[in-house]
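# An overview of the molecular structure
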Number of protein chains: 2
Amino acid sequence: MAADNTSYKDKKVMTIGIISELTGLSERKIRYYEERKLIFPERTGKGTRKYSFSDVERLMEIADHIEDGIQTYEIKKELKKKQNREERNKMIRGQLNAQFNMRK
Amino acid sequence: MAADNTSYKDKKVMTIGIISELTGLSERKIRYYEERKLIFPERTGKGTRKYSFSDVERLMEIADHIEDGIQTYEIKKELKKKQNREERNKMIRGQLNAQFNMRK
DNA sequence: CGTGTAAGGAATTCTGACACG
DNA sequence: CGTGTAAGGAATTCTGACACG
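To keep things clear, this report deals only with the structure shown in the data block. Predicted model only: the values in this text are computed from it and were never measured.

Scanning the entire structure with this criterion turns up 4 aromatic pairs over all chains. Relative to Phe53(B), the ring of Tyr8(A) lies with its centre 4.2 Å away and its plane at 20°, an arrangement referred to as stacked. Of this pair, Tyr8(A) sits in the segment before helix H1 (16-23) while Phe53(B) sits in helix H3 (residues 53-67), on two different chains. Judged by centre distance (6.2 Å) and plane angle (55°), the ring pair of Tyr32(B) and Tyr33(B) falls under tilted. Classification of Tyr32(B) as partly exposed rests on a relative accessible area of 32%. For Tyr33(B), a relative accessible area of 6% gives the class buried.

This is the structure we're talking about:
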């Protein structure tokens, strides 16, 4: 139990060149999906983008959707829904824990 | 059972700048440890070094040893011993599996 | 032996823009 | 809308070498 995930998967450590190789997407596309708020790389001190393995997975999803003719705006909405679901679950879990602890 | 590890941990995807940040070691040191055959980054098409999270862990170990005054040559010998141990274990496991399968 | 540094070149990344559609 | 490309600058990485010790 508890927050273990300082996992490697979410560490933002890769430059765009490697991400391009890993996903097969052009750098142009990758930057564009960021512009459309579909991915959120971090930046080094001087502005170079840094991505995680999670971002790679996310980009693959995005590419699939684009290929199906879905627009970036729709993909973003879907992403938001997913985040809301997780948000809600987290809250419910929190409340359950609170009740549980009160009974101790 | 079986070989799962196409894990993120061993993927060589980080440039030396990030490795330097992650380990706190200068790029000079990192390149030198490679020269002494203590780490083995891959290379991109045009020669840029690429490291994995395993390499980061390995570099931390190396740094600890260096700090203790151990020479790179000794560290390398130790690395070899470790690898031999793993080699042996793998072989024994292989033999056991072979015997086990024969009885089936 | 282990590490810093200045040197020069090559490769990478960044942004804003024009293009097509 | 999604993506390619040429443009120019800034930052990164690479190698071989000299330095100190």
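Moving on from the model shown.
One broad rule of soluble globular proteins: the nonpolar side chains tend to lie buried together. Counting residues in each nonpolar core, the largest one holds 33 residues, and the members touching the most others are Met14(A), Ile30(A), Leu59(A), Met14(B), Ile30(B) and Leu59(B). Within the residue set of this core, elements represented by two or more residues are H1, helix H2 (27-35) and helix H3 (53-67) of chain A together with helix H1 (16-23), helix H2 (27-35) and H3 of chain B. Here the element with the most residues in this core is H3(A); it accounts for 5 residues. Ignoring anything within four residues of it in the chain, the contact list for Leu59(B) reads Ile19(B), Thr23(B), Leu25(B), Ile30(B), Tyr33(B) and Ile39(B).

For the rest of this paragraph, the subject is the protein's contact with DNA strand D. Every one of the 19 residues lining DNA strand D counts as a neighbour, but Ser26(A), Tyr32(A), Tyr33(A), Thr72(A) and Arg49(B) are closest to it. Measuring from a phosphate oxygen of DNA strand D, one finds a backbone N or O atom of Gly17(B) at 3.1 Å. The contact in question runs from a phosphate oxygen of DNA strand D to an N or O atom on the side chain of Arg49(B), over 2.3 Å. Taken together, the elements giving at least two residues each to the surface near DNA strand D come down to H2 of chain A together with H1 and H2 of chain B. Looking at side-chain class alone, the surface near DNA strand D contains 4 nonpolar, 7 polar and 8 charged residues.

Applying the stated criterion across every chain yields a total of 16 salt bridges over all chains. A salt bridge links Asp55(A) to Lys12(A); its shortest N-O distance comes to 2.9 Å. Residue Asp55(A) is located in helix H3, and its partner Lys12(A) is located in the segment before H1; the two are separated by 43 residues in the primary sequence. The pair formed by Asp55(A) and Lys12(A) is uniform in burial state, with each residue classed as buried. Here Glu57(B) and Lys9(B) are joined by a salt bridge, their closest N and O atoms 3.3 Å apart.

Take H3(A) next. All names here are of chain A. In a regular helix each residue adds 1.5 Å, so 15 residues correspond to 21 Å; H3 covers 21 Å between its end C-alpha atoms and thus fits that length. Looking at H3, one finds that the buried residues are Phe53, Asp55, Val56, Arg58, Leu59, Ile62, Ala63 and His65. At the N-terminal boundary of H3, the capping side chain belongs to Ser52, with an oxygen 3.3 Å from the backbone nitrogen of Ser54. Gly69 occupies a position one or two residues after H3 and carries a positive phi of about 85°.

Next up on the list: the protein's contact with DNA strand C. In the vicinity of DNA strand C lie 19 residues, with Arg49(A), Ser26(B), Tyr32(B), Tyr33(B) and Thr72(B) positioned nearest. Glu27(A) is positioned with one of its side-chain polar atoms (N or O) 3.3 Å from a phosphate oxygen of DNA strand C. Arg49(A) places a side-chain nitrogen or oxygen 2.3 Å from a phosphate oxygen of DNA strand C. Mapped onto the surface near DNA strand C, the elements with two or more residues apiece are H1 and H2 of chain A together with H2 of chain B. Top contributing element to the surface near DNA strand C by residue count: H2(B), with 4 residues. Of the residues in the surface near DNA strand C, the class split is 4 nonpolar, 7 polar and 8 charged.

Interfaces are frequently sized by the accessible area removed from exposure as the parts join. Every contact between the two is made by 12 residues of chain B and, on the other side, 12 residues of chain A. Between chain B and chain A, the buried area comes to about 1,200 Å², and carbon and sulfur atoms account for 72% of it. On the chain B side of the interface with chain A, the three residues burying the most area are Tyr8(B), Val13(B) and Phe53(B), jointly 53% of the side's total. On inspection of chain B and its partner chain A, the count reaches 0 salt bridges. Taken together, the connections running from chain B to chain A amount to 2 residue pairs in polar contact (both at pLDDT 80 or more). Considering each element in turn, the side of chain B that touches chain A owes the most residues, 3 residues, to H1(B).

Rules of the game
- Residues numbered from 1 in each chain as written.
- Chains lettered and ligands numbered in written order.
- Predicted model: local features only at pLDDT ≥ 70, side-chain atom pairs only at ≥ 80, totals over all residues.
- Heavy atoms only, no water.
- Phe/Tyr/Trp six-rings, centres within 6.5 Å; stacked < 30°, edge-to-face > 60°.
- Helix = DSSP H or I, 4+ residues; strand = E, 2+ residues; numbered from the N terminus.
- Buried < 20%, exposed > 50% of the residue type's maximum accessible area, 1.4 Å probe, protein only.
- Core = buried A, V, L, I, M, F, W, Y, C linked by side-chain atoms within 4.5 Å.
- Contact = heavy atoms within 4.5 Å.
- Near = heavy atom within 4 Å.
- Polar contact = N/O pair within 3.5 Å; in protein donor to acceptor, adjacent residues only side chain to side chain.
- Nonpolar A, V, L, I, M, F, W, Y, C, P; charged D, E, K, R; others polar.
- Salt bridge = Lys/Arg side-chain N within 4 Å of Asp/Glu carboxyl O.
- Expected span 1.5 Å × (residues − 1).
- Buried area = accessible area lost by both parts, 1.4 Å probe.

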